[in-house]
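# Architecture and fold: a report
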Amino acid sequence: MLSAILFSLLAAVVSLAVFGFLSLRSRQFRRLVVGNFASASFLLHPTLPGPPVLPFVGFLFSMLDSMETGESHIDGHAELTRYSRDGVLLIQTTINGKLAVVTGDAELMKYILTKGYRPKRLQSFGMDMLKYGLFVMPTSDVWRAHRKGIQPGFGPSHLRHAFKVTNDLAKLLVQGISTKLVTAKKDGKPLILDMHKLLSCLTLDVLAQVAFSSDFGALAHMLEHGENVPAITYLGQIFSIIQKRVAVPKVLWKYAGIAESNTEELRENVHGYVQNLLSDRINSAKRTTGDERYWELDVMDRLLAKDEEGKSRFSNAEIVDELVAFMLAGQDTTANTMSWYLMEHARNPELAEDVEAEVDSLFSALCSDDRLTLSDTNFDTILGESPKFDMFFKEVQRFHPVVTGIVRELHEDKVTLAGHTVNASDGTLFFVRIRSLHFNEAHWKDPERFDPSRWTEPPVPGAFLPFADGPHNCIGKKMAVIEAMTALAVLVHHFRFKLIPGQHLRGKTALTTGPRDGLFFEIESR
């Protein structure tokens, strides 16, 4: 009884300290407090270089300055660089109260991603909404069964389908923007749009049509009514919840309003929405009967498919969670990448002119009915014959990685990394920081400069990981590139994008990093 009371008091004190500390607006005062804490005897003293570490909250307080700015450095790259030694970015700290080794070195990251296991802790952040999602499940036989069952849903026939669907939706977007341009011209006003919202709708529609054979109508709804469909609203709420859970120790979730008991309504809304999709499929002629060609089955088909004995391969809970996870991962990552691309396209007009000339040439050769038309034989033309476009796109992926970090465990007693021996048998987390890798001066010349020409030479092996690496790499990476580059080619061929001055171009990291306050452009016809 006494221990329970003491624990409750401790949790309350820590809770007040965390949220009180977060509310401080004086950086000088905050640094003074951190400095005093750093000298206290109860702090952890890591054997690797690293920032001051507090019990429960780790090095959260040291991160507040970079988090407050909202820039793309919010993933802590500055902290990691500050404590690096001998050119190797490697520190020891805590993440959500758990001992962690953090690195941004290509060789170390390769080892961790190929040898490591996804920890159960990642699944716990979304246990109530996407427990069986492919990108949160720990490495296990269940995860392997999901990956094996879904992987063929991203084969060549699906990539061609994704290209066609993206073309159709990009044309819809062009028509919608063109209509708004006419109206704006009549009113004598410039056309200003938040492209991040529109691209989020487009990517959700692509995912729905390719992976679920469903039409959400998100883009059409946004163009006509200026508001999101329920699916995007739900996804945004899930992102927000998970972001907070990652940052806040679990004992404080209830105080922060993010415990499972606080999310029951959201869970019911999300799962109910997806369950309706499943019911429509089950009751429709699209239900898998064995008549379809195996390689043409979409992701939902494969999750619903039965084995040789006529038994379901996955439970209803697994299917629902997997579909929610696919909407989260597939929609947000690609929309964020395209948004950052348009931002850099507008920021670098001279480089953009070269890309536009290349895209215009591509349209002249392969355009029909205002769409790109690629056959099976020239399907890779948009990439293979557009080197400047491809280099610009890769530099955006390097400069603005939408997945900034990945957590793994190593099931080994001791691991030697950059001359340091680390005890890995007690659940130590190994955090590979993608942004730090992409900005590591040991791997990139002048990494803080946006320079597509650097891609005339191949990068250091393992120094460029927009889709991670190892057995848990992004299952839809080819589809994401085709979707993004196709839509962007259509947009930059038709329009010129000018960033609205004065807007805060800040990033926000939840599961991925995207524009925090939208991304507004003045749009003109080319």
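Structure: see above.
Cut-offs applied
Throughout this document, residue positions are counted from 1 along each chain, in the order its sequence is written. Side-chain atom pairs in this predicted model are given and counted only at pLDDT of 80 or more, local residue features only at pLDDT of at least 70, and totals for whole chains, interfaces and linings cover all residues. The side-chain values count all of the structure's non-hydrogen atoms but skip hydrogen atoms and water molecules. The definition of a nonpolar core used throughout is a set of buried Ala, Val, Leu, Ile, Met, Phe, Trp, Tyr and Cys residues joined through side-chain atoms within 4.5 Å. Residue burial is assigned from relative accessible area. The probe radius is 1.4 Å, only protein chains are included, and a residue is buried under 20% of its type maximum, exposed over 50%, and partly exposed in between. The way it works is that DSSP assigns letters per residue, a run of H or I at least four long becomes a helix, a run of E at least two long becomes a strand, and they are numbered from the N terminus. Contacts were defined at the residue level, with two residues in contact if any of their heavy atoms lie within 4.5 Å. In summary, the pairing rule links any two rings of Phe, Tyr or Trp, Trp by its six-membered ring, whose centres are within 6.5 Å, and it sorts them by plane angle into stacked for under 30 degrees, edge-to-face for over 60 and tilted for everything else. For a ring to carry a charge above it, either NZ of a lysine or CZ of an arginine must fall within 6 Å of the ring centroid while also lying within 35 degrees of the normal to the ring plane. All axes here are fitted lines through C-alpha atoms, helices being fitted over the stretch that makes contact, and every angle between N-to-C directions spans 0 to 180 degrees. Each crossing is labelled by how the near helix is turned from the far one, with a counterclockwise turn of less than a right angle marking it left-handed and a clockwise turn marking it right-handed. Multiplying one less than the number of residues by 1.5 Å gives the expected span of a helix. Salt bridge, as used here, is a side-chain nitrogen of Lys or Arg placed within 4 Å of a carboxyl oxygen of Asp or Glu. The criterion for strand pairing is that DSSP finds at least two bridges linking the strands in question. In this scheme, roughly parallel covers angles under 35 degrees and roughly antiparallel covers those over 145, while 65 to 115 is roughly perpendicular and the rest are oblique. Gly counts as polar in this scheme, as do all residues outside two lists: the nonpolar Ala, Val, Leu, Ile, Met, Phe, Trp, Tyr, Cys and Pro, and the charged Asp, Glu, Lys and Arg.

Ranked by internal contacts, the top residues of the largest apolar core, which has 105 residues, are Leu173, Ile177, Met195 and Tyr341. At 14 residues, helix 16 (residues 316–347) tops the list of elements feeding residues into this core. When neighbours within four sequence positions are excluded, Met195 is seen to be in contact with Leu173, Ile177, Leu342, Leu491, Phe497, Leu519, Phe521 and Ile523. Counting residues in each nonpolar core, the second largest holds 17 residues, with Val101, Leu113, Leu410 and Val422 among its members.

On to the packing of aromatic side chains, then. Geometry of an aromatic ring pair is reported as the spacing of the ring centres plus the angle between the planes. Overall, the coordinates contain 13 aromatic pairs when judged by the stated rule. Here the aromatic rings of Phe392 and Phe450 are separated by 5.2 Å at their centres, their planes lie at 65°, and the arrangement is edge-to-face. Residue Phe392 is located in helix 19 (residues 387–399), and its partner Phe450 is located in the loop between helix 20 (434–438) and helix 21 (477–494); the two are separated by 58 residues in the primary sequence. Note on accessibility: Phe392 and Phe450 belong to one class, buried. When the centroid spacing of 4.6 Å and the interplanar angle of 65° are considered together, the rings of Trp455 and Phe464 count as edge-to-face. Members of the aromatic cluster, joined through ring pairs, are Tyr341, Phe389, Phe392, Phe399, Phe439 and Phe450. The positively charged end of Arg245 is found above the aromatic ring belonging to Trp253, 5.0 Å away from the centroid. When the ring centre of Phe439 is taken as origin, the NZ or CZ atom of Arg398, which lies over that ring, is 5.2 Å away.

Another point: the packing of helix 9 (residues 156–187) against helix 10 (residues 195–211). Following both chains from N to C, one finds helix 9 and helix 10 inclined at 145°, their axes separated by 9 Å at the closest point. Judged by the twist between their axes, the crossing of helix 9 over helix 10 is right-handed. Side by side, helix 9 and helix 10 meet where His158, His161, Ala162, Val165, Thr166, Leu169, Ala170, Leu173 and Ile177 of the first sit next to Met195, Leu198, Leu199, Leu202, Asp205, Val206, Gln209 and Val210 of the second.

If you check helix 16, its first and last C-alpha atoms are 47 Å apart, about what 32 residues at 1.5 Å a residue would give, namely 46 Å. Buried residues dominate helix 16, accounting for 27 of its 32 residues.

Scanning the entire structure with this criterion turns up 17 salt bridges. The partner of Lys110 in a salt bridge is Asp469, and the shortest N-O contact between them spans 3.0 Å. Placement of Lys110 in helix 5 (residues 106–115) and of Asp469 in the loop between helix 20 and helix 21 is noted, with a sequence separation of 359 residues between them. Residue class for Asp469 comes out buried when judged on its relative accessible area of 19%. Residues joined by salt bridges that share partners form a network here, namely Asp128, Arg245 and Arg267.

A few words now on the pairing of strand 8 (residues 420–423). Bridge analysis of strand 7 (residues 414–417) against strand 8 gives four bridges, and the strand direction is antiparallel. Each bridged residue has a counterpart across the sheet, and for Lys414 the counterpart in strand 8 is Asn423. Linking strand 7 to strand 8, which pair antiparallel, is a turn of two residues; within it Ala418 sits at a positive phi near 50°.

Here we come to the sheet that holds strand 13 (residues 520–525). If you walk across this open sheet you meet the three strands as 3-13-10, and the pairing is antiparallel. Of all strands in the sheet, those bounded by a partner on one side alone are strand 3 (191–194) and strand 10 (495–499). Averaged over all pairs of adjacent strands, the angle between their axes in this sheet comes to 40°, without regard to strand direction. The pairing of strand 10 with strand 13 spans five bridges and is antiparallel. For Lys498, the partnering residue across the bridge sits in strand 13 and is Glu522. Packing against the sheet, helix 10 makes contact with strand 3, strand 10 and strand 13, and its axis sits at approximately 55° to strand 3. Here helix 16 sits on the sheet in contact with strand 10 and strand 13, set at roughly 85° to strand 10.

Looking now at the packing of helix 10 against helix 11 (residues 218–225). Each pair of packed helices can be summarised by the angle the axes make with each other and by the distance between the axes. Contact geometry for helix 10 and helix 11: axes closest at 7 Å, N-to-C directions at 150°. By the angle class used here, helix 10 and helix 11 are roughly antiparallel. Contacts between helix 10 and helix 11 involve Lys197, Leu198, Cys201, Leu202, Leu204 and Asp205 from the first element and Ala218, Leu219, Met222 and Leu223 from the second. Residue composition of the contact of helix 10 with helix 11, by class: eight nonpolar, no polar and two charged.

Bringing unusual backbone geometry into the picture now. Despite not being glycine, Ser213 has its phi angle at roughly 50°, a positive value. Locating Ser213 in the fold gives a position in the loop between helix 10 and helix 11. We note that Asp446 has phi near 50°; this positive angle belongs to a residue other than glycine. Position of Asp446 relative to the elements: it lies in the loop between helix 20 and helix 21.

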